[in-house]
Amino acid sequence: MAAAITLAADAPTLSSANTGFMLICSALVMLMTPALAFFYGGMVRVKSTLNMLMMSFISLGIVTILWVLYGFSLAFGTDSGSIIGWNSDWVGLSNIGLTELWDGYTIPVFVFLVFQMMFAILTPALISGALADRVKFSAWALFIALWVTVVYFPVAHWVWGAGGWAFELGVIDFAGGTAVHINAGAAALGVILVIGKRVGFKKDPMRPHSLPLVMLGAGLLWFGWFGFNAGSWLGNDDGVGALMFVNTQVATAAAMLAWLVYEKIRHGAFTTLGAASGAVAGLVAITPAGGAVSPLGAIAVGAIAGLLCAMAVGLKYKFGYDDSLDVIGVHLVGGVVGSLLIGFFATGKGQSDVAGLFYGGGLDQFWKQCAGVFAVLAYSLVVSAVLAFVLHKTIGMRVSEDEEVAGIDQAEHAETAYDFSGAGGGAARTTAVPAPVADTASKKVDA
């Protein structure tokens, strides 16, 4: 009896502070998907702007419904073979009590599931940047539904679900280096190897049409990422979430500076696109590592990621794969770098007592990180390529060449991003305007 009383006293109780904090973090992560739409939308040509925005935005609709129907159950339900989860009570979210707590935490199940829902929404949206200008919107929507079902939900269970093989192995992924960024980056590579290059790749100029839109998107991503990262500790009781918050800012700053320095040395200029891309690379890299490293370690993680990602974005021209907006160069490479560097920079004083090589822990954690990184990379790459191949050979993944050249916005959405039909217009003239007097001197100058 006494033991039962002790257990009851020690059981977690609902914390209104942590619940409120996590709801705010969930909203911040939701903001990241529209922010990504702006970031990607500014990087494409004018004729593809709306399509790029919609490729991110549609994920908010599709993944939300699938998460409610079965996604949450597959990702976080009772483990089966360390591969997938399932809980029939969670199907449709109809048998969850309002104050039922997530196991071992002080927040309701509803709060945890909506936080994780936002991760599931963002991840396929990340893939879209590699496919700009050339994918049918209907095929993309179907790909999202299939991909989250057979790739994201199982991988999320591997990494974060109780009983998942990577979780049990001890792979550290604080907020999604493997489950989100490597997963999305590898998927992007798999799909573009199937659907091929844009018309005019390496021949026509394909510059961003709106760098201010890119910077707006990057800034909103940076802002939302604090919820993405700090919220992943699911509370704010022991300072680990605060450490992650600090490290998110520190690593992002270091990566942006490293990218700009590389760009100045390599290309002779500090570009706004480089600043935005470097910031995102830092955000990606610190996502798995920020709860395990110190702020000085975060500087190292960010700087290394900024440099390596800046170098990696040029590989598409060397190897001939058309990663339109550098999803592979930033998200895949950044996710790999951040995940593996845990094996060197983990202090043993953050989220766990696991120490990396530079803190006396040897290479044990590094090899665990390698297992998680390359298993997720290989699985997502292969399955994503298979899904794309099936869709490509059945309903077709690409718009026609004529539609791509003319503009995918008009072909797929019957709209254009910018309507200039009224530009410069005013009230219609009601009086005749005298013809200008001939000016032979001006004509000579103009000629």
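In short, a report on the structure.

Cut-offs applied
- Residues numbered from 1 in each chain as written.
- Predicted model: local features only at pLDDT ≥ 70, side-chain atom pairs only at ≥ 80, totals over all residues.
- Heavy atoms only, no water.
- Axes fitted to C-alpha atoms, helices over the stretch in contact; angles between N-to-C directions.
- Helix = DSSP H or I, 4+ residues; strand = E, 2+ residues; numbered from the N terminus.
- Parallel < 35°, antiparallel > 145°, perpendicular 65-115°, else oblique.
- Left-handed = near helix turned anticlockwise from the far one by under 90°.
- Contact = heavy atoms within 4.5 Å.
- Nonpolar A, V, L, I, M, F, W, Y, C, P; charged D, E, K, R; others polar.
- Polar contact = N/O pair within 3.5 Å; in protein donor to acceptor, adjacent residues only side chain to side chain.
- Buried < 20%, exposed > 50% of the residue type's maximum accessible area, 1.4 Å probe, protein only.
- Expected span 1.5 Å × (residues − 1).
- 1 Å grid on protein atoms, 1.4 Å probe; cavity = no way out; pocket = protein on both sides within 12 Å on 5 of 7 lines; lining within 4 Å.
- Points joined across faces, edges and corners; volume = space filled by probe spheres on them.

Some remarks on the packing of helix α2 (residues 16-43) against helix α4 (residues 109-127)
Then, number 1: The geometry of α2 relative to α4 is characterised by a closest axis approach of 9 Å and an angle of 10° between their N-to-C directions. Classed by the angle they form, the pair α2 and α4 counts as roughly parallel. By crossing handedness, the relation of α2 to α4 is classed as left-handed. When α2 is examined against α4, the residues T19, M22, L23, C25, S26, V29, M30, M32, T33, L36 and Y40 are found in contact with a partner set consisting of V111, V114, F115, M118, F119, I121, L122, A125 and L126.
Then, number 2: Considering only residue class, the contact of α2 with α4 consists of 17 nonpolar, three polar and no charged.

Details of the side chain of H413
Then, number 1: Relative to the helices and strands, H413 resides in helix α16 (residues 408-413).
Then, number 2: Looking at H413, its side chain comes within polar contact range of the side chain of N51, at 3.0 Å.
Then, number 3: Once you skip the residues sitting within four places of it in the chain, H413 turns out to touch L50, N51, M54, F137 and I408.

Section: unusual backbone geometry
Then, number 1: A positive phi angle, near 65°, is found at L234, a position not held by glycine.
Then, number 2: Its identity is not glycine, yet D326 carries a phi of approximately 65°, on the positive side.
Then, number 3: Structurally, D326 is set in the loop between α12 (315-319) and α13 (327-345).
Then, number 4: Owing to a relative accessible area of 17%, D326 belongs among the buried residues under this scheme.

Concerning α4
Then, number 1: With 19 residues, α4 ought to run about 27 Å at 1.5 Å a step, and its terminal C-alpha atoms sit 28 Å apart, in line with that.
Then, number 2: Where burial is concerned, most of α4 is hidden: 17 out of the 19 residues are buried.

Concerning empty space enclosed by the protein
Then, number 1: Inspection of every chain in the model, using the stated rule, returns one cavity of 30 Å³ or more.
Then, number 2: By volume, the largest cavity amounts to about 60 Å³.
Then, number 3: Looking at the largest cavity, the residues that line it are F39, Y40, M43, S277, V280, L325, D326, V327, V330 and H331.
Then, number 4: Its residues assigned to classes, the lining of the largest cavity shows seven nonpolar, two polar and one charged.

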